[in-house]
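Structural characterization, general
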Amino acid sequence: MANKEKRTYNLTAATVRTVRELADEYHAAPTQDAVVELAVSELARRLRDEEESAVWEAAAADPTFRAESQEIEDAYRGADRETWPA
């Protein structure tokens, strides 16, 4: 079992009701604690995805990155034709 740490957070009554509902009625997770852990994990994943998307967007606008990407694509184009299915 993972180590747990007892914490106290001040949440609105609506949030507490929603957490309870997600656990008890929707079975989103086996416990209310698990609902909160799942929600925090999902938020963290979404924020990481947004950050990664921004990095790729910036790279796509970077002429040096685009040139290097094209060089790599050109270098492996023949090998791709030989090994990838048509």
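The structure presented is a predicted model; accordingly, all values stated were derived computationally and were not measured. (Residues numbered from 1 in each chain as written. Predicted model: local features only at pLDDT ≥ 70, side-chain atom pairs only at ≥ 80, totals over all residues. Heavy atoms only, no water.)

Within soluble globular proteins, side chains that are nonpolar generally end up buried alongside one another. Judged by nonpolar contacts, Val19, Ala23, Ala29, Ala34 and Val35 together constitute the single largest core of 5 residues. Residue assignment for this core shows that the elements contributing at least two residues are α1 (13-24) and α2 (32-60). When neighbours within four sequence positions are excluded, Ala29 is seen to be in contact with Leu22, Ala23, Ala34 and Val35. (Core = buried A, V, L, I, M, F, W, Y, C linked by side-chain atoms within 4.5 Å. Buried < 20%, exposed > 50% of the residue type's maximum accessible area, 1.4 Å probe, protein only. Helix = DSSP H or I, 4+ residues; strand = E, 2+ residues; numbered from the N terminus. Contact = heavy atoms within 4.5 Å.)

To continue, consider α2. For α2, which comprises 29 residues, the first-to-last C-alpha distance of 42 Å matches the rise-based estimate of 42 Å (1.5 Å per residue) to within 8%. For α2, the complete set of buried residues consists of Ala34, Val35 and Ala59. The elements touched by buried residues of α2 are α1 and α3 (63-83). (Expected span 1.5 Å × (residues − 1).)

Attention shifts here to the packing of α1 against α2. Running from N to C, α1 and α2 cross one another at 105°; their axes reach a closest spacing of 8 Å. Judged on the interaxial angle alone, α2 and α1 are roughly perpendicular. Of α2, the residues touching α1 (which contributes Val19, Arg20, Leu22, Ala23 and Asp24) are Gln32, Val35 and Val36. When the residues that make up the contact of α1 with α2 are grouped by side-chain class, the tally is 5 nonpolar, 1 polar and 2 charged. (Axes fitted to C-alpha atoms, helices over the stretch in contact; angles between N-to-C directions. Parallel < 35°, antiparallel > 145°, perpendicular 65-115°, else oblique. Nonpolar A, V, L, I, M, F, W, Y, C, P; charged D, E, K, R; others polar.)

For the rest of this paragraph, the subject is the packing of aromatic side chains. Counting across every chain of the model gives 1 aromatic pair. Geometrically, the ring pair formed by Trp56 and Phe65 is edge-to-face, given 5.9 Å between the ring centres and 70° between the ring planes. Taking relative accessible area as the criterion, Trp56 reaches 51% and is therefore assigned exposed. On the basis of relative accessibility, which here comes to 29%, the residue Phe65 falls in the partly exposed class. (Phe/Tyr/Trp six-rings, centres within 6.5 Å; stacked < 30°, edge-to-face > 60°.)

A few words now on the pattern of salt bridges. Under the definition given, this model contains 6 salt bridges. Linking Glu42 and Arg45 is a salt bridge whose minimum nitrogen-to-oxygen distance equals 2.5 Å. Of the two residues, Glu42 and Arg45 are both situated in helix α2; the distance of 3 residues between them amounts to about one turn of the helix. We classify Arg45 as partly exposed; its relative accessible area is 34%. Put simply, Glu42, Arg45 and Asp49 are held in one network by salt bridges that share partners. (Salt bridge = Lys/Arg side-chain N within 4 Å of Asp/Glu carboxyl O.)

A word on a nonpolar patch on the surface. Side chains of Tyr9, Leu11 and Val16 sit close together on the surface and give an oily, nonpolar patch of about 310 Å² of accessible area. Inspection of the secondary structure puts Val16 in helix α1. Since its relative accessible area comes to 30%, Val16 is described here as partly exposed. (Patch = residues over 30% accessible without salt bridge, like charges linked within 9 Å, V, L, I, M, F, W, Y side chains within 5 Å. Areas by Shrake-Rupley, 256 points an atom, 1.4 Å probe, with all protein chains shown as cover.)

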